[in-house]
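A closer look at the structure
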Amino acid sequence: MQLPSGDDRNADQIAYWNGPGGQRWSDRQEAQDVLLAPVSQILIDRIAARPGDRVLDIGCGCGGLSIALAGQVSPGGHVLGVDISAPMLARARAVAPAGLATEFVLADATVHPFAPASFDLLVSRFGVMFFADPVASFANIRRGLKPGGRVVFACWREPKANPWMIAPLQAVYRHVPKLPEMAPEDPGPFAFASEARVTRILGEAGFSDVALQAHPLSLDIARGQGLDAAVQSAFEIGPASRALEGHPAETRDAARLSVRELLAQHQDGGSVTLSGSIWLVTARA
């Protein structure tokens, strides 16, 4: 498998997203796009892409946001999706309609030589929280934006604001030791939870007019397919699955039962809805 050349400090992330972790996300592309549709709609509404816009989608993953925006920037526009994960980009290329004004590139945005001043918009759906040096990474990305180019991205707020991820993990912790505690600024899903930190990073990287707006969410982790689908979702993606890695089958079975009991409390017909919250971040180059 081809791996992107990148900043050595991002090596762990490159290895993860090109290994079983990246493959799991690729396999769940359709399910994740349904689950995260409320976030995508918030982003698309705020981005307000127009025909002719050139858009840079960082951490584009399986391409859901890139593909949606490519339909809006035609004719005359273009979307460049950049990611470090070969499995996810393969999925993006497979699901993108033929002839769409989009391109997917395997690259580390920390060091990739973006064409200077060539993009009107920098966007991302949960793709910018994994840089070892986010200031250097955003400074490099900014060089690809035109003067005054807009930034619109979504990142997760703090864990306590996102029970949809954390509640299954707490149920699993009844059976296995806790994961090593991550520092608040370690690369990961909650690395941009601090409003002050995000504002500082973008400011030091050369952006202005930085603003963060909180958006509460209701996420149906079952995607309308019932309790079994919700439990499977909790075990395929997120910290609960990582906490159970390497544990025997009987431990996993006991943890699955605990997660099922927890999620049953949130079931309403085919839906299992838990709350979450994002920052919608905007800025200008």
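To keep things clear, this report deals only with the structure shown in the data block. Being a predicted model, the structure only gives us computed values, none of them experimental. (Residues numbered from 1 in each chain as written. Predicted model: local features only at pLDDT ≥ 70, side-chain atom pairs only at ≥ 80, totals over all residues. Heavy atoms only, no water.)

**Quick word on helix 2 (residues 20-27)**
Within the span of helix 2, buried status applies to G21, G22 and S26. An end-on view of helix 2 places all buried positions within 135° of arc, on one side of the element. Of the exposed residues in helix 2, the ones pointing more than 90 degrees away from its buried face are P20 and D27. Where the residues of helix 2 are buried, they touch helix 1 (11-17), helix 3 (29-35) and helix 6 (86-95). (Buried < 20%, exposed > 50% of the residue type's maximum accessible area, 1.4 Å probe, protein only. Helix = DSSP H or I, 4+ residues; strand = E, 2+ residues; numbered from the N terminus. Arc of directions from axis to C-beta. Contact = heavy atoms within 4.5 Å.)

**Regarding the side chain of T251**
If you trace the backbone, T251 turns up in helix 12 (residues 249-264). Leaving out residues up to four positions away in the same chain, T251 has contacts with H175 and V176.

**Description of the nonpolar core**
Ranked by internal contacts, the top residues of the largest apolar core, which has 87 residues, are I58, F138, F153, W156, F192 and L263. Those residues in contact with F138 that lie beyond four places of it in its chain are L122, V128, F131, F153, F192, I201, L202, A205 and F207. Listed in part, the eight residues of the second largest apolar core include I67, A86, L89 and A92. (Core = buried A, V, L, I, M, F, W, Y, C linked by side-chain atoms within 4.5 Å.)

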